[in-house]
Amino acid sequence: MSEPIPPLAARYVRGTLYLGIANWVSYAINFAVTLAIARLLGPTSFGLYAFVVAVNEFINVVNGLAVAPALVQSREESDSRYDTAYAMSFGQGVLGLLIALAVAPVLWTYRSVDAAWFVVLLGVVRIFKLLADVAFAKLDRALRYGAIATIHLTTRNLPNFIGLGLAWTGYGPWSLIIRDLFFALFPFLMSHAWSGYRFRGRVKRRAFRSIMSYSGPMFVARTVDTFLERFDRLAVGWLFGNTAVGLYHQARFLAETGTLAARPLNQPAFNLYARLRDDPVRLARAYSIVNYFLIRVVFAGVAVLLIYPEPVVLLLLGPDWIQAAPILQCLGIYAGLLPLFDNMRTLLYARGHVITNVRLRLAQLAVFLPGIFIASTIGSLNGVALSLFAAIVVGVSLAWFYNREILRGNAWRLYATPVLALVLSVAFFAGADGAGWMLDWPGWLLPFLPAIGFWLLVVLLDRKSLVHELRYLRQQFRVGGNQREGASPAS
């Protein structure tokens, strides 16, 4: 007799835990290794890599069809859909490689030979990533989050250590490109092995049309995403040089730590939201439980960046990077809003509101691009950061409006306490620092104090609600204890 399949909520709680542990461990290692490589390379060499990655992100518009998310979001599943998606992904990858080959001579002429080779190799990386995404979609559809977590834990760590070893032995920015090659190759091999997927040429016109009904609008949305995510670094690198883009890139990397840490939630959240999109009550509850903890984690980081950006930079990157501190402070509130914004957009995508996401991103672009132009004209990196902050404020406001029927009843409960705790903790430490009370504290300790103060206030102000939500998660985890890996979803 087969074991019972637990309720949907229980399966997602356990799946999120599996992905969370694997990805958070991997992220912690990746964070530490990236910082170590940045220390070894310095702003100028690291800036060359950051600039080429920014160029590559614009070539990545060929990935914008979002074929793998279309497989997860769909109500249907078939072999022909997977094979059609695989063929589409390969076509996107080949097109991207051809564009990279066309861009390479320009980089060779105006930047360096290394830059030209980097963009071509990243074109190869793109093909393997796109094909791996289809195999991951098959695992995702089956809720095989244990398998996905194992693959992530393996494939996101080994390449990092390879890259660190290459940087240590003097390979410079090449160490990061070689690392990226392994970042694509290892997941490609393991996802295909674990999912059992094999391409057998079952490409169907009907499956293509079905995928395109979701992916077509996604192409527009993701193209706009690319401008918002990389245009600032491309502009800074082109106008101010490798050192400036290295400083700006690392400041933004540190500011987006919360978003990167929250990404393990996005994969199961998208799947869960998509399954519940016709049940607004359960969908609102699912969104609430995800964001309840998300906002209480990321706002602790906001308090740190607003009060102690210089100690953070000195602790993580060293004195060579101290000029990144003012940029990091300008991105403090952005750091807290971005993970919430990403989850609101995930909710829109899961509900099928792709065109709404396009409108939202275009509104951000209307604020972002003029801001970048003005900041670049006056030569202000802080101005570039403030343009990014202005765009995220517009984005969060519109995303809340578009999701208002789901979010309206949760707004006060989700946001009131963490916002109050943030204001109080920032005010206290800003006052203490201004009064000179913190002068005798060791510099390495300072970044931890605002976060600790914030969490103490959250526990003090919101203890009853916090205990209730933790008990709910514990209950769901226990219910899911008999989950069979790979079982079909409960109805």
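In this text, all values refer to a predicted model and were calculated from it rather than measured experimentally. (Residues numbered from 1 in each chain as written. Predicted model: local features only at pLDDT ≥ 70, side-chain atom pairs only at ≥ 80, totals over all residues. Heavy atoms only, no water.)

1. Details of the overall build of the protein
Here is step 1 of the chain: On a plain count of helices and strands, the protein comes out with 19 helices and zero strands.
Here is step 2 of the chain: For the protein, the residues scored as buried account for 55% of the 491 residues in total.
Here is step 3 of the chain: For the protein, contacts bridging at least 24 residues in sequence account for 85% of all contacts bridging at least 6.
Here is step 4 of the chain: In the form shown here, the protein has an accessible surface area of approximately 20900 Å², with 67% of it arising from carbon and sulfur atoms. (Helix = DSSP H or I, 4+ residues; strand = E, 2+ residues; numbered from the N terminus. Buried < 20%, exposed > 50% of the residue type's maximum accessible area, 1.4 Å probe, protein only. Contact = heavy atoms within 4.5 Å. Areas by Shrake-Rupley, 256 points an atom, 1.4 Å probe, with all protein chains shown as cover.)

2. Overview of the nonpolar core
Here is step 1 of the chain: Judged by nonpolar contacts, the single largest core of 147 residues is most densely connected at V119, L254, Y273, Y287, F299 and L328.
Here is step 2 of the chain: With 17 residues, the top contributor of residues to this core is helix α11 (residues 280–307).
Here is step 3 of the chain: If near-sequence neighbours (up to four positions away) are discounted, L254 is found in contact with F31, L35, V312, L316, L317 and L328. (Core = buried A, V, L, I, M, F, W, Y, C linked by side-chain atoms within 4.5 Å.)

3. Some details on the environment of A416
Here is step 1 of the chain: Assignment of secondary structure puts A416 in helix α18 (residues 411–434).
Here is step 2 of the chain: You can call A416 partly exposed: its relative accessible area is 24%.
Here is step 3 of the chain: For the pair A416 and D462, spaced 46 residues apart in sequence, the C-alpha separation works out to 9.9 Å.

4. Digging into the packing of helix α3 (residues 79–110) against helix α4 (residues 113–141)
Here is step 1 of the chain: α4 packs onto α3 with a crossing angle of 170° between their chain directions and a minimal axis gap of 7 Å. Judged on the interaxial angle alone, α4 and α3 are roughly antiparallel.
Here is step 2 of the chain: Its residues placed into classes, the contact of α3 with α4 shows 22 nonpolar, five polar and three charged. (Axes fitted to C-alpha atoms, helices over the stretch in contact; angles between N-to-C directions. Parallel < 35°, antiparallel > 145°, perpendicular 65-115°, else oblique. Nonpolar A, V, L, I, M, F, W, Y, C, P; charged D, E, K, R; others polar.)

5. What to know about the side chain of S191
Here is step 1 of the chain: The topology assignment puts S191 in helix α7 (residues 174–195).
Here is step 2 of the chain: Here F188 takes part through its backbone oxygen, which lies 3.3 Å from a polar atom of the side chain of S191.
Here is step 3 of the chain: Setting aside anything within four residues of it in sequence, one finds S191 in contact with A132, A135, F136, L139 and I151. (Polar contact = N/O pair within 3.5 Å; in protein donor to acceptor, adjacent residues only side chain to side chain.)

6. Considering the packing of aromatic side chains
The geometry of two aromatic rings is summed up by the distance between their centres and the angle between their planes.
Here is step 1 of the chain: Counting across every chain of the model gives 13 aromatic pairs.
Here is step 2 of the chain: Pairing F182 with F186 gives two aromatic rings, centres 5.2 Å apart and planes at 40°, and the pair type is tilted. Placement of the pair is F182 and F186 together in helix α7, with a separation of four residues, close to one helical turn.
Here is step 3 of the chain: With 5.2 Å between their ring centres and 80° between their planes, Y292 and F293 make a pair best called edge-to-face.
Here is step 4 of the chain: Judged by relative accessible area, which is 0%, Y292 ranks as buried.
Here is step 5 of the chain: Of note, K138 hangs over the ring of Y82, and the distance from its end group to the ring centre comes to 4.5 Å.
Here is step 6 of the chain: Directly above the ring of Y292 sits R296, whose terminal nitrogen or CZ lies 3.7 Å from the centroid. (Phe/Tyr/Trp six-rings, centres within 6.5 Å; stacked < 30°, edge-to-face > 60°. Lys NZ or Arg CZ within 6 Å of the ring centre and 35° of its normal.)

7. Considerations on the environment of I127
Here is step 1 of the chain: Of note, I127 is situated in helix α4.
Here is step 2 of the chain: Taking the relative accessible area as the measure of exposure, I127 reaches 13% and is therefore buried.
Here is step 3 of the chain: For the pair formed by I127 and L95, sequence separation is 32 residues and the distance between their alpha carbons is 9.4 Å.

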